[in-house]
Amino acid sequence: MTDTDAERNPMIMSLFRKKTATEPVYAVYNSIVAQSRRPVLYAQWGVPDTVTGRFDMISLHMALLFRRLRNGPDGSREFSQSVFDLFFKDMDRSLREMGVSDLGVPKKIQKMGNIFFGLLAAMNDAMDRNDADALASVLARNVFDGQDTPELRALADYVFACDAELATQPIDAITAGSVRFEATA
């Protein structure tokens, strides 16, 4: 990785630092994974039920979390970094379990990091402008291989709803390990 890569993706460089995740970090990451596995995403909204589709859904929920924490106090940035580190350690472990060679893992992790940061930037841009069409375009590119599927608008509506729900949750509660992506009934 070049110095410019490190400057563009400082979170990727953190993978080389030793840090242990705290209980709240694990709790939030586990919530992200659980939300990303919800059958509605795959069965009703057409997200491909593949390794890539599941990575896309974890990335999507991670991006939503990062949106919520991006303007929080300094501790929220460290918390985001710790969740990010845990995410990519989990991806590393998963790749190795799937049989990716030791030499192939770093390349795949780099590619996954670039995909994640591209999704995060594009989602932030579309959602900051409250542009449903732009968000649908982002989701089409990142989740549906560029196809405009009938389920695409339902997924975009879900993303806006999750973002609104996260906005109601105190940052202190999230960094203490409690996060919800959907409003409770």
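Because the structure is predicted, anything quoted here is derived from the model rather than measured.

### Description of the overall build of the protein chain
Turning to step 1, where the next piece is worked out: A tally of regular secondary structure across the protein chain gives 10 helices and 0 strands.
Turning to step 2, where the next piece is worked out: The N-to-C order of helical and strand elements in the protein chain reads α-α-α-α-α-α-α-α-α-α.
Turning to step 3, where the next piece is worked out: Considering the protein chain as a whole, with its 185 residues, one finds that 46% of them fall into the buried category.
Turning to step 4, where the next piece is worked out: Put simply, of all contacts in the protein chain between residues at least 6 apart along the chain, 67% involve residues at least 24 apart.
Turning to step 5, where the next piece is worked out: As presented, the protein chain carries roughly 9,800 Å² of accessible surface, and 52% of it is formed by carbon and sulfur atoms.

### Some thoughts on the environment of Pro150
Turning to step 1, where the next piece is worked out: For Pro150, the location among the structural elements is in the loop between α8 (132-143) and α9 (152-167).
Turning to step 2, where the next piece is worked out: As for Pro150 and Trp45, which are separated by 105 residues in sequence, their C-alpha atoms are 8.3 Å apart.

### Describing the packing of α8 against α9
Turning to step 1, where the next piece is worked out: As a packed pair, α8 and α9 sit with axes 9 Å apart at the nearest point and diverge in direction by 110°. The angle between α8 and α9 places the two elements in the roughly perpendicular class. Considering the relative orientation of α8 and α9, their crossing is right-handed. Within the contact between the two elements, α8 uses Ala132, Asp133, Leu135, Ala136, Leu139, Ala140 and Val143 and α9 uses Leu152, Arg153, Leu155, Ala156, Val159 and Phe160.
Turning to step 2, where the next piece is worked out: Residue classes in the contact of α8 with α9 are distributed as 11 nonpolar, no polar and 2 charged.

### Details of the packing of helix α5 (residues 51-69) against α9
Turning to step 1, where the next piece is worked out: With their axes 9 Å apart at the nearest point, α5 and α9 run at an angle of 35° to one another. The interaxial crossing formed by α5 with α9 has right-handed handedness. Of the residues in α9, those touching α5 at Met57, Leu60, His61, Leu64, Leu65, Arg67 and Arg68 are Leu155, Tyr158, Val159, Cys162, Asp163, Leu166 and Ala167.
Turning to step 2, where the next piece is worked out: Considered class by class, the residues forming the contact of α5 with α9 number 10 nonpolar, 1 polar and 3 charged.

### A few points about the nonpolar core
Turning to step 1, where the next piece is worked out: Among the nonpolar cores identified, the biggest contains 58 residues, and Phe116, Met123 and Leu155 are the most heavily contacted of them.
Turning to step 2, where the next piece is worked out: Breaking this core down by element, the ones donating at least two residues are α3 (23-36), α4 (39-43), α5, α6 (74-97), α7 (104-128), α8, α9 and α10 (171-175).
Turning to step 3, where the next piece is worked out: Beyond its immediate chain neighbours, meaning those up to four positions away, Phe116 contacts Ser59, Met62, Ala63, Phe66, Phe84, Phe87 and Phe88.

### Observations concerning the pattern of salt bridges
Turning to step 1, where the next piece is worked out: For the coordinates displayed, the defined rule picks out 9 salt bridges.
Turning to step 2, where the next piece is worked out: Among the salt bridges present, the one from Asp163 reaches Arg67, with a minimum N-O distance of 3.0 Å. Remark: Arg67 occurs in helix α5 and Asp163 occurs in helix α9; sequence separation between them is 96 residues.
Turning to step 3, where the next piece is worked out: Here Arg129 makes a salt bridge to Asp131, at a shortest N to O gap of 3.0 Å.
Turning to step 4, where the next piece is worked out: Judged by its relative accessible area of 23%, Asp131 is partly exposed.
Turning to step 5, where the next piece is worked out: One network of salt bridges, in which partners are shared, links Arg67, Arg70, Asp128 and Asp163.

Reading the values: the criteria
- Residues numbered from 1 in each chain as written.
- Predicted model: local features only at pLDDT ≥ 70, side-chain atom pairs only at ≥ 80, totals over all residues.
- Heavy atoms only, no water.
- Helix = DSSP H or I, 4+ residues; strand = E, 2+ residues; numbered from the N terminus.
- Buried < 20%, exposed > 50% of the residue type's maximum accessible area, 1.4 Å probe, protein only.
- Contact = heavy atoms within 4.5 Å.
- Areas by Shrake-Rupley, 256 points an atom, 1.4 Å probe, with all protein chains shown as cover.
- Axes fitted to C-alpha atoms, helices over the stretch in contact; angles between N-to-C directions.
- Parallel < 35°, antiparallel > 145°, perpendicular 65-115°, else oblique.
- Left-handed = near helix turned anticlockwise from the far one by under 90°.
- Nonpolar A, V, L, I, M, F, W, Y, C, P; charged D, E, K, R; others polar.
- Core = buried A, V, L, I, M, F, W, Y, C linked by side-chain atoms within 4.5 Å.
- Salt bridge = Lys/Arg side-chain N within 4 Å of Asp/Glu carboxyl O.

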